[in-house]
Amino acid sequence: MTGILYPTMLCGLGLLASEVQDLPRRALSLTTVGCLVMTAVLRTPHALAAARRYTCPEAIAKSYSKGEIDQIANVIGEQKSLVDLGPSRDSILMLVELGRRGLALQWTADAWLVAVAGWRGWPLPKYETPADLRIITSDRKDIGRSVFSGPHFAVVRNEH
């Protein structure tokens, strides 16, 4: 019904507008207002569900700030960094946000599978030199000496 109801209402409104000389203006106005109200009423449940989804505390806690990503990029600078976020979708965030900045990124097998190999099928690249830094989730800070720690991610020195 999603693709039928709205176009049908638009066609009906167009038909009413083309027949304006045959109908009294009051009937046309009432029909138009009725169509507008019906459209709004039909979209209300979806709008409320979307508002709940994107403003719930869980969504707000999971949202990533531009500032955190900028700080990670600044800390990395010209150094090589290993993206070690496990099999989480956060790897896609790193691919998009840090990859577009031209940073030298290396990937663990899990992070590569989620970010690239799972949909593109490319094998994990082979790296000749190990990365200087490692990007991890902030709850895994015990892996190395912390260079940056944010609410979601941390950058640590990579222990070769």
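Keep in mind the model is a prediction, meaning the values are calculated, not measured.

Criteria and thresholds
Residues numbered from 1 in each chain as written. Predicted model: local features only at pLDDT ≥ 70, side-chain atom pairs only at ≥ 80, totals over all residues. Heavy atoms only, no water. Salt bridge = Lys/Arg side-chain N within 4 Å of Asp/Glu carboxyl O. Helix = DSSP H or I, 4+ residues; strand = E, 2+ residues; numbered from the N terminus. Contact = heavy atoms within 4.5 Å. Buried < 20%, exposed > 50% of the residue type's maximum accessible area, 1.4 Å probe, protein only. Arc of directions from axis to C-beta. Phe/Tyr/Trp six-rings, centres within 6.5 Å; stacked < 30°, edge-to-face > 60°. Axes fitted to C-alpha atoms, helices over the stretch in contact; angles between N-to-C directions. Parallel < 35°, antiparallel > 145°, perpendicular 65-115°, else oblique. Left-handed = near helix turned anticlockwise from the far one by under 90°.

Q: Lay out the pattern of salt bridges in plain terms, naming residues and giving numbers.
A: Between side chains of opposite charge, a pair can form as their charged atoms come close. For the coordinates displayed, the defined rule picks out six salt bridges. The partner of K66 in a salt bridge is D70, with the nearest N and O atoms 2.7 Å apart. Placement of both K66 and D70 in helix α4 (residues 66-76) is noted, with a separation of four residues, approximately one turn of the helix. E97 serves as the salt-bridge partner of R101, at 3.7 Å between the closest nitrogen and oxygen. Through salt bridges with shared partners, one network takes in K66, D70, E97, R100 and R101.

Q: Describe the side chain of H152, and please don't skip the residues or the numbers.
A: Examined against the element boundaries, H152 turns out to sit in the loop between β4 (146-149) and β5 (153-157). Setting aside chain neighbours within four positions, we find H152 in contact with A61, K62, S63, Y64, E68, I136, T137 and S138.

Q: Report on helix α5 (residues 90-99), specifying residues and quantitative values.
A: Of the positions making up α5, those classed as buried are D90, S91, L93, M94 and L98. Buried residues of α5 fall within an arc of 150 degrees about the axis and therefore sit on the same side.

Q: An account of the packing of aromatic side chains is needed here, citing residue identities and associated values.
A: Overall, the coordinates contain two aromatic pairs when judged by the stated rule. When the ring of Y64 is compared with that of F153, the centres are 5.4 Å apart and the planes differ by 25 degrees; the resulting orientation is stacked. Of this pair, Y64 sits in the loop between α3 (57-62) and α4 while F153 sits in strand β5, and the two are 89 residues apart along the sequence. By relative accessible area, which is 0% here, F153 ends up buried.

Q: Describe in detail the packing of α4 against α5, supporting the description with residues and values.
A: One can describe the packing of α4 onto α5 by two numbers: an axis separation of 10 Å at closest approach and a directional angle of 65 degrees. As far as their axial angle goes, α5 and α4 are roughly perpendicular. For the crossing formed where α4 meets α5, the hand is right-handed. Across from I69, I72, A73 and I76 in α4, the residues of α5 making contact are L93, M94, E97 and L98.

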